[in-house]
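Coordinate analysis (summary)
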Amino acid sequence: MKFGYVIVYVEDVLSTLDFYEKAFGLERGMVYEENNIVDYAELKSGDTTIGFASHSLGTMNLQDKYIKITPKENPVGLELVFVDDDVATTTKTAVENGAELIAEPIEKPWGQTVSYVRAMEGTLICICSPMNG
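One structure accompanies this document, and this report is about it. (Residues numbered from 1 in each chain as written. Predicted model: local features only at pLDDT ≥ 70, side-chain atom pairs only at ≥ 80, totals over all residues. Heavy atoms only, no water.)

1. Remarks on the overall build of the chain
When helices and strands are tallied, the chain shows 3 helices and 8 strands. Mapped from its N terminus to its C terminus, the chain presents α and β elements in the order β-α-β-β-β-α-β-α-β-β-β. A compact globule built from 133 residues should have a C-alpha radius of gyration of about 14 Å, and the chain, at 15 Å, falls within 12% of that. Per-residue burial for the chain yields a buried fraction of 36% across its 133 residues. Here the analysis covers contacts within the chain between residues at least 6 apart in sequence; of these, 53% occur between residues at least 24 apart. Total accessible area on the chain stands at roughly 8300 Å², and carbon and sulfur atoms take up 51% of it. Side chains of the chain carry 10 positive and 21 negative charges; the gap between the two charge centres is 3 Å. (Helix = DSSP H or I, 4+ residues; strand = E, 2+ residues; numbered from the N terminus. Rg over C-alpha atoms; globule rule 2.2 N^0.38 Å. Buried < 20%, exposed > 50% of the residue type's maximum accessible area, 1.4 Å probe, protein only. Contact = heavy atoms within 4.5 Å. Areas by Shrake-Rupley, 256 points an atom, 1.4 Å probe, with all protein chains shown as cover. Lys, Arg positive; Asp, Glu negative; His and termini not counted. Charge placed at Lys NZ, Arg CZ, Asp CG, Glu CD.)

2. Quick notes on the sheet that holds strand β2 (residues 27-34)
Here we have 4 strands laid out as an open sheet, ordered β1-β4-β3-β2, and mixed in their pairing. Of all the strands in the sheet, the pair left with one neighbour each is β1 (5-10) and β2. Each neighbouring strand pair of the sheet contributes to a mean axis angle of 20 degrees, computed without reference to strand direction. Inspection of the sheet shows β2 paired to strand β3 (residues 37-45) by 6 bridges, in the antiparallel sense. Paired with Glu33 across the two strands is Val38, which belongs to β3. Lying on the sheet, helix α1 (residues 13-24) is in contact with β1, β2, β3 and β4 (48-54); it crosses β3 at an angle near 20 degrees. The strands touched by helix α2 (residues 55-62) are β1, β3 and β4; relative to β4, the strand with the most contacts, the crossing angle is about 90 degrees. (Pairing = 2+ DSSP bridges. Axes fitted to C-alpha atoms, helices over the stretch in contact; angles between N-to-C directions.)

3. Topic: α1
In a regular helix each residue adds 1.5 Å, so 12 residues correspond to 16 Å; α1 covers 16 Å between its end C-alpha atoms and thus fits that length. Where α1 is concerned, the buried positions are Val13, Thr16, Leu17, Phe19, Tyr20, Ala23 and Phe24. Buried residues of α1, viewed axially, fall in a sector of 160 degrees; they line one side. One side-chain oxygen of the residue at the start of α1 lies 3.2 Å from the amide nitrogen of Leu14, identifying that residue as Asp12. Just downstream of α1 lies Gly25, where phi reads positive at about 70 degrees. (Expected span 1.5 Å × (residues − 1). Arc of directions from axis to C-beta. Polar contact = N/O pair within 3.5 Å; in protein donor to acceptor, adjacent residues only side chain to side chain.)

4. Details of the pattern of salt bridges
Evaluated as defined, the whole model comprises 5 salt bridges. The partner of Arg28 in a salt bridge is Glu21, and the shortest N-O contact between them spans 2.9 Å. The partly exposed category is assigned to Arg28, whose relative accessible area is 33%. Of the charged contacts, one joins Glu27 and Lys44 as a salt bridge, the two residues approaching to 3.6 Å between their closest N and O atoms. With Glu27 in strand β2 and Lys44 in strand β3, the pair connects residues that are 17 residues apart, well separated along the chain. The partly exposed category is assigned to Glu27, whose relative accessible area is 49%. (Salt bridge = Lys/Arg side-chain N within 4 Å of Asp/Glu carboxyl O.)

Below is the structure:
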């Protein structure tokens, strides 16, 4: 089995794509548009594709089991992780492009530098240095 991709349900797919492109330098992949409404789009991130789908698709797919992620509530128990050698600069760029700083970069006991930001749609994002060893 192979891991496919991650889908994040959001209020505004195009604004979310714009944020991730500017904050993390990701490349836009496919965009699904129907009747001038973008309900789904993807960004390329190495071997993993990040999909963004509208809340209306989340409701359609999951019906009464769907819960919106919002920037007003505490983050859900899931995070997107971006690995970068320069955690401080990547964190600063994310915040400059609209992310909320949750935790400044700090070196963990195992030697990895880690910070946390929250994206405009409410997703928790970990920015960390590569694990050594």
